[in-house]
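Commentary on secondary and tertiary structure
Here is how the chains run, residue by residue.
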Amino acid sequence: MASLPIKAAPGDAKGALVLFSGGQDSAVCLAHALAHYPRVETIGFDYGQRHRVELEARVQLRQSMSALKPEWGAILGDDVLVDISGYGQLAESALTRERAIEMGQSGLPTSFVPGRNLVFLVMAAAHAWRRGLDVLVGGMCQTDYSGYPDCREETLLAQERALSLGLDMPVSIDTPLMFLTKAQTWVLADQLGGQALVDVIVEDSHTCYLGDRQHRHDWGYGCGTCPACELRAAGWKEWAAA
Ligand code: ZN
């Protein structure tokens, strides 16, 4: 078995690249990175299935977060949005075939895009390599999304190993939300940035599958009835009641 490049201890990391979609989870990941790494950049992916508002929310959310603390503003560096619509088409065409029915029967949501996080992490690692960053931070979580096999810790450990070998550079994948519930994600946001960060996430992050920015709830904007809104609302309610 080939030996892995030696990984830096967390305190010795050069810097982090955050997979930043503009959603609630990616906002907490960005706050986590700003609190733990000396240099932070962000990357987002447009795979042709996102609403424009979601991509616009990224820009606003980044701005609001960097203004929260002077040290965050100093640490937060560049952002890049990568067009991977070719992958989006490929994933979508797979869904229109018999696999969609099979996935529905196996309990996976039919909105599942096969291998999405694997693709994101390969693209992010290539960018990190060029930018001299050695940690990838992502909001993958196996608590609420146990149906998504590319969100499992085991998958990510294997990919961390594959990326480190394939790039001949120690790469860490940091997933601060892996074992948290949606309510606990709010607790973490509060710990990292207090009420000011919670307020920014509520106001500027976007989660709704339908791209709804018309309806404002105490947990943020959204249609209120799609699965993403239901999950976000339930997490908020549980946190607010605690
Ligand atoms: Zn919604």
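Notes on the structure in this doc start here. (Residues numbered from 1 in each chain as written. Predicted model: local features only at pLDDT ≥ 70, side-chain atom pairs only at ≥ 80, totals over all residues. Heavy atoms only, no water.)

What about the overall build of the chain?
Heads up, the rule is: The helix and strand labels rest on DSSP assignments: H or I over at least four residues marks a helix, E over at least two residues marks a strand, and numbering proceeds from the N terminus. Exposure is judged per residue with a 1.4 Å probe applied to protein chains only, and the accessible area is read against the type maximum: over 50% gives exposed, under 20% gives buried, and values in between give partly exposed. Two residues qualify as a contact provided that any one of their heavy atoms is within 4.5 Å of a heavy atom in the partner residue. Surface accessibility in these figures is a Shrake-Rupley result with a 1.4 Å probe; residues are shielded only by whichever protein chains are displayed.
Looking only at helices and strands, one finds 9 helices and 7 strands in the chain. Taken over 242 residues, the chain has a buried fraction of 48%. A separation of at least 24 residues holds for 70% of the contacts in the chain among residues at least 6 apart in sequence. Summed over its atoms, the accessible surface of the chain is roughly 11,700 Å², and 54% of this surface lies on carbon and sulfur atoms.

A word on unusual backbone geometry
At Asp168, a residue that is not glycine, the phi angle is positive and equals roughly 50°. Along the polypeptide, Asp168 turns up in the loop between helix 7 (153–167) and strand 5 (172–174). According to the relative accessible area criterion, Asp168 is exposed, its value standing at 64%.

A few points about the sheet that holds strand 2 (residues 40–46)
Strands pair in a sheet through their backbones, by hydrogen bonds, and they do so in one of two ways: parallel or antiparallel. The line we're drawing: If DSSP finds at least two bridges between two strands, the strands pair. Axis definition: a line fit to C-alpha positions, over the contact stretch in the case of helices; interaxial angles, taken between N-to-C directions, run 0 to 180 degrees.
With respect to topology, 5 strands assemble into an open sheet ordered 3-2-1-4-5, the strand pairing being parallel. Of all the strands in the sheet, the pair left with one neighbour each is strand 3 (76–83) and strand 5. Ignoring strand direction, the axes of neighbouring strands in this sheet form an average angle of 25°. In the sheet, strand 1 (residues 16–19) pairs with strand 4 (residues 135–137) via 3 bridges, with the strands oriented parallel. Its bridge partner being in strand 4, Val18 is matched across the sheet by Val137. Across the sheet, helix 2 (residues 52–66) is in contact with strand 2 and strand 3; its angle to strand 3 comes to roughly 175°. Where helix 6 (residues 116–131) meets the sheet, its contacts fall on strand 1, strand 2, strand 3, strand 4 and strand 5, and the angle it forms with strand 2 comes to roughly 140°.

So, the coordination of the zinc ion
The test is simple: Here a donor is an N, O or S atom found within 2.8 Å of the metal, or within 3.2 Å if the metal is Na, K or Ca; sites may look incomplete because water is not among the atoms.
Only Cys208 (SG), Cys223 (SG), Cys226 (SG) and Cys229 (SG) from the protein coordinate the zinc ion, and they sit 2.3 to 2.4 Å from it. Positions of the donor residues of the zinc ion along the chain correspond to the pattern C-x14-C-x2-C-x2-C. A residue pair is termed long-range when its members are at least 10 positions apart, and Cys208 in the loop between helix 8 (182–204) and strand 6 (216–217) and Cys229 in helix 9 (residues 227–241) qualify at 21 residues. Using a relative accessible area of 1% as the deciding quantity, one classes Cys229 as buried.

Points about the side chain of Arg62
Selection criterion: The charge count includes Lys and Arg as positive and Asp and Glu as negative, but it does not include His or the ends of the chains. Each reported salt bridge corresponds to a side-chain nitrogen of Lys or Arg within 4 Å of a carboxyl oxygen of Asp or Glu. What qualifies as a polar contact is a pair of N or O atoms within 3.5 Å, subject to a donor-acceptor requirement within protein and to the restriction that residues adjacent in sequence count only when both atoms come from side chains.
Within the secondary structure layout, Arg62 lies in helix 2. Buried charge without a salt bridge: Arg62, with Asp79 as the nearest opposite-charge side chain at an N-O distance of 4.6 Å. Within the structure, Arg62 has its side chain in polar contact with the backbone oxygen of Gly77 (distance 2.8 Å). Residues in contact with Arg62, not counting those within four places in the same chain, are Phe20, Leu30, Thr42, Leu76, Gly77, Asp78 and Asp79.

Here we look at the pattern of salt bridges
This model, assessed by the stated rule, comprises 6 salt bridges. Across the pair Arg39 and Glu41 runs a salt bridge whose closest N-O atoms are separated by 3.4 Å. A residue is classified by how much of its surface remains accessible, and Glu41, at 4% relative accessible area, is buried. Put simply, Glu41 and Arg131 hold a salt bridge, and the shortest N to O gap is 2.9 Å. With Glu41 in strand 2 and Arg131 in helix 6, this pair connects stretches of sequence that are 90 residues apart. Members of the salt-bridge network, linked through shared partners, are Arg39, Glu41, Asp78 and Arg131.

Points about the packing of aromatic side chains
As a reminder, the rule being used: Paired rings are identified among Phe, Tyr and Trp, the last through its six-membered ring, by centres lying within 6.5 Å, and are further divided according to the angle between planes into stacked (under 30 degrees), edge-to-face (over 60) and tilted (the rest).
Under the defined criterion, the tally for this structure stands at 4 aromatic pairs. Look at Trp186 and Trp236: their rings are 4.9 Å apart centre to centre, the planes differ by 85°, and that puts the pair in the edge-to-face class. On the criterion of sequence distance, the pair formed by Trp186 in helix 8 and Trp236 in helix 9 is long-range, its members being 50 residues apart. Comparing Trp186 with Trp236, the two get one shared label, buried.

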